[in-house]
Amino acid sequence: MANSKYAYVRDFELPDPLLPGVFMVLRIDGHSFHRFSEKHNFAKPNDVRALQLMDHAAQDLMEEYPDVVLGFGESDEFSFLLRKSTSLYNRRHSKIVSTLTSLFTSSYVFHWSRYFPDTPLGYPPSFDGRIVLYPGTKEVKDYFAWRQADTHINNLYNTTFWALVQQGGQTTTEAHSTLRGTFAKDKHEILFSRFGINYNQLDAQFRKGSVLVREDLEEEKDGEVSRRPKSKVVMLHCDIIKDEFWEERSGLLVE
Ligand code: ATP
Ligand code: ATP
Ligand code: MG
Ligand code: MG
Ligand code: MG
Ligand code: MG
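As annotated in an unreviewed UniProt entry, the protein chain is tRNA(His) guanylyltransferase from Laccaria bicolor. Under the UniProt heading Sequence similarities (unreviewed entry), the entry covering the protein chain gives this text: "Belongs to the tRNA(His) guanylyltransferase family." Regarding the protein chain, the UniProt comment filed under Catalytic activity (unreviewed entry) reads as follows: "a 5'-end ribonucleotide-tRNA(His) + GTP + ATP + H2O = a 5'-end phospho-guanosine-ribonucleotide-tRNA(His) + AMP + 2 diphosphate + H(+)".

This is how it looks when you write it as structure tokens:
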């Protein structure tokens, strides 16, 4: 059978290169995780097992793809910064989005039972993925600041909401209306005066999200320190909004 008769259909596949010389940010987000988290009895407001599983999948992704230099995760999402000059898959848009999102998803499923030993998966979870290009370092820093500010706003709301429900005996409808129109300082006040919770002392993992960076390792070999540094992915729960984070890691934003 002659293949050439059919091969013209290949020409309908158009190239989809991403602009060279700009930063790529890939954001992956759980599909319908409101439903997924209910079905699998996630603790509210923050299920630690679920967050650790997300962190694990992100770490796997960064170990597989050295051109991913930074990761930031909260809730059911993770953002990844790729080196400006990366030539990963010749910067083919679909190839990068689909392969990395697929690896993240399969890693999430692969490690599920380790974090949820008593909760079998009820159905296969999925994640969406998108790449946004940012021309300069200002936009990259502002992108990550935007995500971490979102973590803070959501976590303050959710922590207060679930305190009203779980400790205050309110229905979810009542808790929503208690919080309608409140500012951050009002939520801090509700948490402190009604429930004795000092928001700023809650786990940084919940307040700041998860920051994954590479740190150089000096390998010890027979007492000698090898000159070839290897890197490993480490997790922090630090502030990435202030400039200090970027100043201490100037390598993130060059090339
Ligand atoms: P979409 O498909 O549009 O992303 P979604 O239902 O996933 O819809 P999101 O805005 O992504 O909506 O929100 C994810 C939801 O998943 C949160 O609102 C929360 O209910 C739940 N969730 C995710 N991670 C956790 C966690 N670690 N602990 C508790 N709940 C979580
Ligand atoms: P790429 O990432 O570019 O797709 P690839 O290694 O997956 O690279 P493909 O052209 O997709 O390359 O080919 C898939 C290869 O996987 C086949 O050439 C074959 O070696 C192997 N393979 C896939 N399915 C089977 C199968 N059912 N039995 C044996 N080998 C298989
Ligand atoms: Mg969404
Ligand atoms: Mg989601
Ligand atoms: Mg989300
Ligand atoms: Mg293949």
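When helices and strands are tallied, the protein chain shows nine helices and eight strands. Along the first, second and third principal axes, the C-alpha atoms of the protein chain reach 70 × 55 × 40 Å. Residue burial in the protein chain is summarised as follows: out of 255 residues, 25% are buried.

Now for the environment of glutamate 64. Secondary-structure assignment places glutamate 64 in helix α2 (residues 48-64). On the basis of neighbour count, glutamate 64 is assigned to the partly exposed category, with 13 C-beta atoms found within 10 Å. Linking glutamate 64 and valine 9, residues 55 residues apart in sequence, is a C-alpha distance of 33 Å.

Attention shifts here to the environment of leucine 156. Looking at where leucine 156 falls in the secondary structure, it is placed in helix α5 (residues 137-166). Accessibility expressed as a C-beta count within 10 Å gives 20 for leucine 156, which makes it buried. Setting aside chain neighbours within four positions, we find leucine 156 in contact with Ala184, Lys187 and Tyr199.

What follows covers the nonpolar core. In this structure, Leu26, Leu61, Phe80 and Leu81 are the most contacted members of the largest nonpolar core, which totals 35 residues. Counting residues per element, the ones that place at least two in this core are β1 (23-30), α2, β2 (68-74), β3 (77-82), α3 (93-110), α5 and β5 (210-217). In contact with leucine 61, other than residues within four places in its own chain, are Val68, Phe80, Leu100, Leu103, Phe104 and Ser107.

Topologically, phenylalanine 80 is positioned in strand β3. Overall, phenylalanine 80 belongs to the buried group, with 25 C-beta atoms counted inside 10 Å. Discounting chain neighbours no more than four positions away, the residues touching phenylalanine 80 are Val25, Leu26, Leu61, Val68 and Gly71.

So, on to unusual backbone geometry. A cis amide bond links lysine 44 with the next residue in sequence, proline 45, at an omega value of 0 degrees. Turning to its location among the elements, proline 45 is positioned in the loop between α1 (33-39) and α2. Notably, serine 32 is not glycine yet its phi reads approximately 50 degrees, a positive angle. Looking at where serine 32 falls in the secondary structure, it is placed in the loop between β1 and α1. A positive phi is found at asparagine 41, a non-glycine position, where the angle reads about 50 degrees.

How each quantity is defined
- Residues numbered from 1 in each chain as written.
- Chains lettered and ligands numbered in written order.
- Predicted model: local features only at pLDDT ≥ 70, side-chain atom pairs only at ≥ 80, totals over all residues.
- UniProt positions renumbered as here; feature names shortened; annotations may be inferred.
- Helix = DSSP H or I, 4+ residues; strand = E, 2+ residues; numbered from the N terminus.
- Buried ≥ 20, exposed ≤ 12 C-beta atoms within 10 Å, placed from the backbone.
- Contact = placed C-beta atoms within 7 Å.
- Core = buried A, V, L, I, M, F, W, Y, C linked by C-beta atoms within 7 Å.

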